[in-house]
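Chains, contacts and geometry: an overview
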Amino acid sequence: MTEQPETSHYRICPLCEACCGLEVRTAAGKVTSIRGAEYDVFSRGYLCPKAVALKDLHEDPDRLRTPLIKRNGRHVAASWDEAFAEIQRRLLPIIATQGRDAVALALGNPAAHKMGLLLYTPRLAKALGSKNVYSASTLDQMPKQLSSGLMFGHWLSIAVPDIARCDHLLILGANPMASNGSLWTVPDFRGKARALRARGGRIVVIDPRRSETAAVADAHHAIRPGADVFLLAAMANTLFAEGLVKLKRLEPNVNGVDALRDAVSPFTPERAAARCGIAANTIRQLARDLAAAERACVYGRIGTCTQRYGTLASWLVDVLNVLTDNLDEPGGAMFPTSAAFAHNTRGKPGVGGGITVGRHRSRVSGAPEVFGELPMTLLSEEIETPGPGQVKALITVASNPVLSSPGGARLAQALGQLDFMVSLDIYLNETSCRADVILPGRSPLEDSHYDIAFPQFSDRNHARFSAPVFRAAADHPPEWHTMMRLVALLRGRSPDDALALDDELTGDEIRRFAGDHSHAVLQALAGRRGPERLVDLALRAGPFGDQFGLEPGGLNLDKVAAAPGGVDLGELRPRVPEVLRTPSGRIELAPKMLLDDLRQAQAEIDTEAPAMVIIGRRDVRSNNSWMHNLPTLAKGPERCTLLMNPADAESLGLRDGGPARISGDGRSVVAPVEITDTMRPGVASLPHGWGHDRPGTRMNVAAMRPGANLNDVLDEHQRDPLSGNAVLSGVAVAITPVASVA
Ligand SMILES: Nc1nc2c(c(=O)[nH]1)N[C@H]1C(S)=C(S)[C@@H](COP(=O)(O)OP(=O)(O)OC[C@H]3O[C@@H](n4cnc5c(=O)[nH]c(N)nc54)[C@H](O)[C@@H]3O)O[C@H]1N2
Ligand SMILES: Nc1nc2c(c(=O)[nH]1)N[C@H]1C(S)=C(S)[C@@H](COP(=O)(O)OP(=O)(O)OC[C@H]3O[C@@H](n4cnc5c(=O)[nH]c(N)nc54)[C@H](O)[C@@H]3O)O[C@H]1N2
Ligand code: SF4
Ligand SMILES: [Mo]
């Protein structure tokens, strides 16, 4: 047998927001090892167990390699031309007869991690021209986008902890030890947290569960779920009451301090304490410690977003950062400078149009559009409810709402009523199994990659590119190409025009951006196509770019691709006022919409807690709903367990490992109990993304240990009315023992 030489490839991990640089070794067309790339300028060798599962993903026999078309209720393999012919035959007449709003678009989490999907989804949405756009953002971070947009002028101007220089980090509703960070790209949080504490800093965690992050922190306070708005408002109240507000450098850049002081004045620590389950003195001390620390930062994530007052909680996190002089300061909450694609590095610095919500409303419930989207939890009713504008067809892109959205069982039924459905997906899963046509993306190891979104949230500035590790099958197009074929169809062209249309649309973009110089710019980009051409354009025109020769030392894609492990662009720098895009040119501390909602919260401050509520959690060996088919991650202990406090388990007659029935919203699921004193009494925790026991799917490994779907017992009607975000945390449930498992 002849030995095949091993080759080494650099690949940025597309699985979570940490975006680690990996070294993938291959021989004879197979992956032989996956390690952290020590030479990566950003992640410096860090990786988590999921990275290794890229091998399983690449080799997974269940991963789709050809399009599928549903014929007589069964999915059968088809050619790409057949798939597009089917879409043309069935989708276009729906638009012709019922209008563009009759086709909905549902976008899922992996779309944010794929450069082809992220750069071409806007083109697809534009070509479709439907108001019915739904995404995982309204199951996740829309509250933070809205509060950031209102305060700083753009939806994606989100301040992140400068952990390298911070010495007091207050974390609410985030567990970066398991999630590896979110709206905060921070590979090796563990190492950075350890360094923070080694230099004498403190980490304090507010979480109903003593999470993995709380376990490595200096202090943990088990808040009642959904009460963050009260805690944060009471902390702001304390800062004002005790004369601890200091604005210093930001003073001339801030509007609304007085209005804010008035608005939080009713939220005394005494009034908030019972609702939060945290003593008044502790609330005061949290505020004092924050004010006293030299370089401090408050960071809130999904636990603070997925609640009724998610936008308020997200806003108050930044309010505290401003009031304690920690926003835009080294060691505080800072705005990264992305080398490409950030809106806050384009246009006139320091001022802008701000954001607008409610330009249209959902047809049935009248929910306002936010950032061009409607709440994902309203998709079912838009399909079910007859009348003009009813959703009759759906295009999903890397989205599995049957598992990931509350009321998923109802949605699964609703999808069955559609006249036509297309899924861009790599599996035949709980959602895509409803589709008439499935168009598969490639293995991530067959795609090139540049992070479009995450440098905007990174704890250090960087620009990195990775080339494909393997060559894809000749007839398997990259997803941007598939999207351009859809765009062509929707614009009344032949799918065969996709590449020519890409040239046209990119040409239009360049003409808008470069005006008189567009010919030269087009020529400079002539060697590239598709997303790589867009990345080169954005990099060269970006804040570190070569400006097409005007700044010869600046970046372009060739330079980034040639640099092993990418280009380091330094630590985060203060950016106020340049980063702002509010009409006033200032940070808006007291937007009217938020003050109005705060009055609503005030009216609920004395509400009694339900006896038992449920929250979610994440596990480092799982990722939302789609990695349970990868053997390396699927092995080991059962992960879809119901965590409960010993006192609760005892009073409900539940035993460790025994099955419990969780009932909510008229539905129920069964999961094994795991008794642990890490849970706050009256709160149970079940992870989301499970429930792989629906018929019609083809994920054989996942089906062996399907788990229970948390979203089956959550109420799809509960949401934050401002952002449209679903309430996923602190929802009342009943928990009872199950005599025996069927
Ligand atoms: N109860 C509860 N529910 C939650 C959450 C929670 O905390 N609690 N979290 C919410 C959050 S934060 C999120 S982001 C959502 C996530 O929910 P979704 O946005 O639905 O994302 P996933 O569950 O990750 O499913 C991803 C889909 O993309 C497909 N896919 C994977 N890779 C590719 C690819 O390269 N190309 C294409 N075309 N498809 C691909 C997968 O097969 C799968 O169908 O879940 C939300 N749901
Ligand atoms: N391993 C892994 N990594 C992931 C994912 C995954 O599924 N698995 N998903 C990715 C995605 S899509 C996202 S959005 C990010 C999310 O990243 P994180 O925001 O870090 O999410 P979680 O790890 O779920 O941590 C949320 C914490 O909030 C707590 N919590 C729940 N309710 C409340 C509340 O009312 N108040 C407070 N203060 N805390 C509360 C929970 O107990 C939990 O510890 O993770 C990403 N990374
Ligand atoms: S933390 Fe893990 S899954 Fe996330 S990018 Fe790094 S290696 Fe990939
Ligand atoms: Mo997410």
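This text gives an overview of the structure that appears in the document.

Parameters and conventions
Residues numbered from 1 in each chain as written. Chains lettered and ligands numbered in written order. Predicted model: local features only at pLDDT ≥ 70, side-chain atom pairs only at ≥ 80, totals over all residues. Heavy atoms only, no water. Helix = DSSP H or I, 4+ residues; strand = E, 2+ residues; numbered from the N terminus. Contact = heavy atoms within 4.5 Å. Pairing = 2+ DSSP bridges. Axes fitted to C-alpha atoms, helices over the stretch in contact; angles between N-to-C directions. Near = heavy atom within 4 Å. Polar contact = N/O pair within 3.5 Å; in protein donor to acceptor, adjacent residues only side chain to side chain. Areas by Shrake-Rupley, 256 points an atom, 1.4 Å probe, with all protein chains shown as cover. Nonpolar A, V, L, I, M, F, W, Y, C, P; charged D, E, K, R; others polar. Domains from an automatic or database assignment. Salt bridge = Lys/Arg side-chain N within 4 Å of Asp/Glu carboxyl O. Core = buried A, V, L, I, M, F, W, Y, C linked by side-chain atoms within 4.5 Å. Buried < 20%, exposed > 50% of the residue type's maximum accessible area, 1.4 Å probe, protein only.

Side note on the side chain of S211
Relative to the helices and strands, S211 resides in the loop between β10 (202-206) and α7 (212-215). Apart from residues lying up to four places away in sequence, S211 is in contact with N175 and V205.

Examining the sheet that holds strand β3 (residues 30-36)
Backbone hydrogen bonds are what pair the strands of a sheet, in a parallel or an antiparallel way. Strands sit in the order β1-β2-β3 across an open sheet of 3 strands; the sheet is antiparallel. Each edge of the open sheet carries a strand with a single partner, namely β1 (7-12) and β3. For this sheet, the mean angle separating the axes of adjacent strands, direction not counted, is 30°. Across the sheet, helix α1 (residues 49-59) lies against β2 (21-27) and β3, angled at about 160° from β3, the strand it touches most.

A closer look at the site of ligand 2
Every one of the 31 residues lining ligand 2 counts as a neighbour, but S179, D207, D228, S622 and S729 are closest to it. Here an oxygen atom of ligand 2 sits 3.1 Å away from a polar atom, N or O, in the main chain of I302. Isolated, ligand 2 exposes 920 Å² of accessible area, and the fraction of that covered by the protein chains is 97%. Going through the elements one at a time, α5 (176-179) and α12 (302-305) are the ones with two or more residues in the shell around ligand 2. The leading source of residues in the shell around ligand 2 is α5, at 3 residues. Along the lines of polarity and charge, the residues of the shell around ligand 2 split into 10 nonpolar, 13 polar and 8 charged. Shared between two domains, the shell around ligand 2 holds at least three residues of each, these being domain 1 (142-348 + 576-603) and domain 2 (610-737).

A short note on the pattern of salt bridges
One pass over the full model with this rule turns up 54 salt bridges. Across the pair R249 and E329 runs a salt bridge, and its minimum N-O distance is 3.0 Å. Pair noted here: R249 is in the loop between α8 (228-241) and β12 (254-255) and E329 is in the loop between α13 (310-323) and β14 (333-334), with a separation of 80 residues, a long-range link. Where D502 meets R533, a salt bridge forms, and the shortest distance between an N and an O atom there is 3.1 Å. Of the two residues, D502 sits in helix α18 (residues 498-514) while R533 sits in helix α20 (residues 530-541), which places them 31 residues apart along the sequence. Shared partners join several salt bridges into a network, and the residues in it are R123, D502, D503, E509, R529 and R533.

Observations concerning the nonpolar core
In this structure, L169, L231, W315, I587 and L589 are the most contacted members of the largest nonpolar core, which totals 99 residues. At 10 residues, the largest contribution of residues to this core is made by α8. Apart from residues no more than four positions distant in its own chain, I587 is found in contact with M151, F152, L250, N253, V254, N255, L327, V576 and L580.

With respect to the site of ligand 1
Taken together, the neighbourhood of ligand 1 is formed by 28 residues, with K114, S404, D425, N429 and S625 sitting nearest. One nitrogen or oxygen atom from the side chain of D425 is found 2.5 Å from an oxygen atom belonging to ligand 1. A distance of 2.9 Å separates a nitrogen atom of ligand 1 from a polar atom in the side chain of N711. For ligand 1, whose accessible area on its own is 910 Å², the fraction buried by protein is 97%. Taken together, the residues of the shell around ligand 1 break down into 13 nonpolar, 10 polar and 5 charged.

Focus on the sheet that holds β10
Ordered in space as β11-β10-β9-β13, the 4 strands form an open sheet in which the pairing is parallel. Of all strands in the sheet, those with a lone pairing partner are β11 (219-221) and β13 (296-300), marking the two edges. Strand after strand, the sheet turns through a mean of 15° between neighbouring axes, direction not considered. Looking at chain direction, strand β9 (residues 168-172) and β10 are connected through 5 bridges and run parallel.

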